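Observations on the model geometry
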Amino acid sequence: NKSEIYQIKNFTDQHYAAPDQAKFGKFKGKNVVILHLESFQQFLINKKINGKEVTPFINKIYNSNHTYAFDNFFHQVGQGKTSDAENMLETSTYGLPQGSLFAQVGSDNTFQGAPAILDQQGYSTAVFHGNVASFWNRNNTYKNLGYQYFFDASYYDTSGDKATGYGLKDKLLFKDSTKYLQRLQQPFYAKYITVTNHFPYQLDDKDMKNNRLKAPDTDDTAVNNYFLTAHYLDQSVKEFYDYLQKTGLDKNTVVVLYGDHYGISNAENPSLAPLLDKDGNNWNDYDNAMLQRVPFMINSPAIEDGHVSSVYGGEIDVLPTLMHLLGINSQKYIQFGTDLFSPQHDQVVAFRNRDWVSPKYTSINGTIYDTKTGKEIHPTAKQRRQIKANQDKVNMELSFSDTLNQQNLLRFYQPEGFNKVDPSAYNYSSGLY
Ligand code: GP9
Ligand code: MN
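Definitions and limits used
- Residues numbered from 1 in each chain as written.
- Chains lettered and ligands numbered in written order.
- Predicted model: local features only at pLDDT ≥ 70, side-chain atom pairs only at ≥ 80, totals over all residues.
- Heavy atoms only, no water.
- UniProt positions renumbered as here; feature names shortened; annotations may be inferred.
- Helix = DSSP H or I, 4+ residues; strand = E, 2+ residues; numbered from the N terminus.
- Contact = heavy atoms within 4.5 Å.
- Near = heavy atom within 4 Å.
- Polar contact = N/O pair within 3.5 Å; in protein donor to acceptor, adjacent residues only side chain to side chain.
- Nonpolar A, V, L, I, M, F, W, Y, C, P; charged D, E, K, R; others polar.
- Pairing = 2+ DSSP bridges.
- Axes fitted to C-alpha atoms, helices over the stretch in contact; angles between N-to-C directions.
- Parallel < 35°, antiparallel > 145°, perpendicular 65-115°, else oblique.
- Left-handed = near helix turned anticlockwise from the far one by under 90°.
- Buried < 20%, exposed > 50% of the residue type's maximum accessible area, 1.4 Å probe, protein only.
- Donors = N, O, S within 2.8 Å, 3.2 Å for Na, K, Ca; no water.
- Tetrahedral: all angles 85-135°; square planar, octahedral: opposite > 155°, others 65-115°.

What follows concerns the UniProt feature "binding site: substrate" (unreviewed entry) in the chain. In the numbering used here, UniProt assigns the feature "binding site: substrate" (unreviewed entry) to H198. On the secondary structure map, H198 appears in the loop between β9 (188-193) and α9 (205-209). Setting aside residues up to four positions removed in sequence, H198 forms contacts with E38, S39 and Y166.

Here it is, written out as structure tokens:
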């Protein structure tokens, strides 16, 4: 009901983390490109297989002094997978305990997320994705998020060998969408959702021939092929960067790269383990949790002090982080994440099932581990208090987020100066002109 929204706002107010003033507004007015790297896990970064880097181009970005990268950044998705990741990044609220938020409430929900916020700062907004618009109910949800344009499969030639299971192959997505991107009014907020590095990790014969990486030979075919499609995705990203550089767009653009969720499941992790110099025969819940790390990078020529930060965080934290970099105050919004660069950033990372990771302790299935060593902890009374405080916060934020979205409570909350999204304003089949 209506009064709960103030309780929730009170909670997010108490957890608000003020921006680091040195970074606030650093990218004001710049274009933003979000590169959603499908099923891309952190272990791929700087990884060599049979003597060759799996993702040499993305590694270059990761290691560049023009990049703020994170190596303790976790995905936090539930059953909604890609769509949960999208929801967290765009709104800084969690997916739902069951199913996909996009699919369950996306058609009617009130959102106060990135596309609408940036639109109201003068940005044009667009999504590029090579699958059909109805997948994950994106066609409806994006209207409520306030996306002006959605270039789905119908905008590209996806015939014959141009697509794999989930749509247009990534290299073609980047190539065939430039004609739309170049017509977007600047500054733009553009999201690319890649698909080729998706289970079952298939490349056709031609792409296989162009793939110089030799797959590992574990006992699990999906694990082996994962490295090949990740390598393909890396080449796709490079080709897109070549375009940005050729057109000069790179100079006034910030690129955010992130992995949406795991590509290798917990059941397959023991087969993956030897490639990560770990013992698959002594594999436990803690090991699975540690593999939920995904890349998060912010790359721009405007960054000169880039480095890899070991701050703990997750997808829920992206929106306030990005808003602050763009010089937009986040305080009046209801957001469950906090700015990764803020000294007050909360490093307890909630998983959708209420497990959590923090720099010191990790709680999985009721067992507490030392995050650094992986050793099980039998906590002292003092440690128990800290662990309980972390767990309480995780429970509270997940249940507040669920109440907010399941009851569509943002319809009762109007941040000052923010205009409510009118979904009927958008028609995605009419194109740009
Ligand atoms: C489909 C793609 C895959 O359009 O985004 O979604 P996933 O299966 O990863 O949730
Ligand atoms: Mn996905």
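In the vicinity of ligand 1, the contacting residues are E38, K81, T82, H129, N131, F135, W136, R138, Y166, H198 and H261. T82 places a polar side-chain atom, nitrogen or oxygen, 2.6 Å from an oxygen atom of ligand 1. Across the shell around ligand 1, the residue classes break down as three nonpolar, five polar and three charged.

On to the sheet that holds strand β14 (residues 356-357), then. Sheet architecture is open: four strands sit in the order β13-β14-β15-β16, paired in antiparallel fashion. Here the strands that pair on one side only, and so sit at the sheet edges, are β13 (349-350) and β16 (367-370). When β14 meets strand β15 (residues 361-364), the two strands line up antiparallel, connected through two bridges. Bridging from a neighbouring strand, V357 pairs with T362 of β15.

It is worth spelling out the packing of helix α1 (residues 2-14) against helix α14 (residues 381-406) at this point. Between α1 and α14, the least distance of the axes is 10 Å, while the angle of their chain directions is 140°. The orientation of α1 relative to α14 falls into the category oblique. Crossing handedness for the pair α1 and α14: left-handed. Judged by residue contacts, E4, I5, Q7, I8 and F11 of α1 engage K393, M396, E397, F400, T403 and L404 from α14. For the contact of α1 with α14, the class distribution of residues is six nonpolar, two polar and three charged.

This next bit is on the pairing of strand β11 (residues 296-299). On β11, burial covers both faces: F296 and I298 on one face and M297 and N299 on the other are all buried. Where strand β4 (residues 67-74) lies against β11, four bridges are found, and the strand directions are antiparallel. Across the sheet, residue A69 finds its bridge partner in β11, namely M297. Both strand β10 (residues 253-259) and β11 contribute to a ladder of four bridges, which runs antiparallel. Within β11, the residue paired with V256 across the bridge is I298.

Coordination sphere of the manganese ion (ligand 2), protein contribution only: E38 (OE), E38 (OE), T82 (OG1), D260 (OD) and H261 (NE2), at 2.0 to 2.6 Å. Geometry at the manganese ion (ligand 2) is irregular, judged from its six donor atoms and the angles of 54 to 168° they form at the metal.

Here the focus is the UniProt feature "domain: Sulfatase N-terminal" (unreviewed entry) in the chain. With numbering matched to this structure, UniProt assigns "domain: Sulfatase N-terminal" (unreviewed entry) to residues 30-328. Here residues 30-328 runs as 33% helix and 19% strand, with 12 Å between its end C-alpha atoms.

Turning to the packing of helix α3 (residues 81-91) against helix α6 (residues 138-145), a few remarks are in order. Where α3 meets α6, the axes come as close as 12 Å, and the angle between the chain directions of the two elements is 5°. Our classification of the angle between α3 and α6 gives roughly parallel. When α3 is examined against α6, the residues T82, E86, E90 and T91 are found in contact with a partner set consisting of R138, Y142 and L145.

The next point concerns unusual backbone geometry. Across the junction of Q186 and P187, the peptide omega takes the value -5°, indicating a cis bond. As for its position among the elements, P187 is in the loop between α8 (178-181) and β9. The omega torsion across F199 and P200 is 10°, close enough to zero to call that bond cis. On the secondary structure map, P200 appears in the loop between β9 and α9. Phi is positive for S92, close to 55°, though the residue is something other than glycine. By the secondary structure assignment, S92 is in the loop between α3 and α4 (101-105). Of the residues examined, S92 reaches a relative accessible area of 0% and is grouped as buried.

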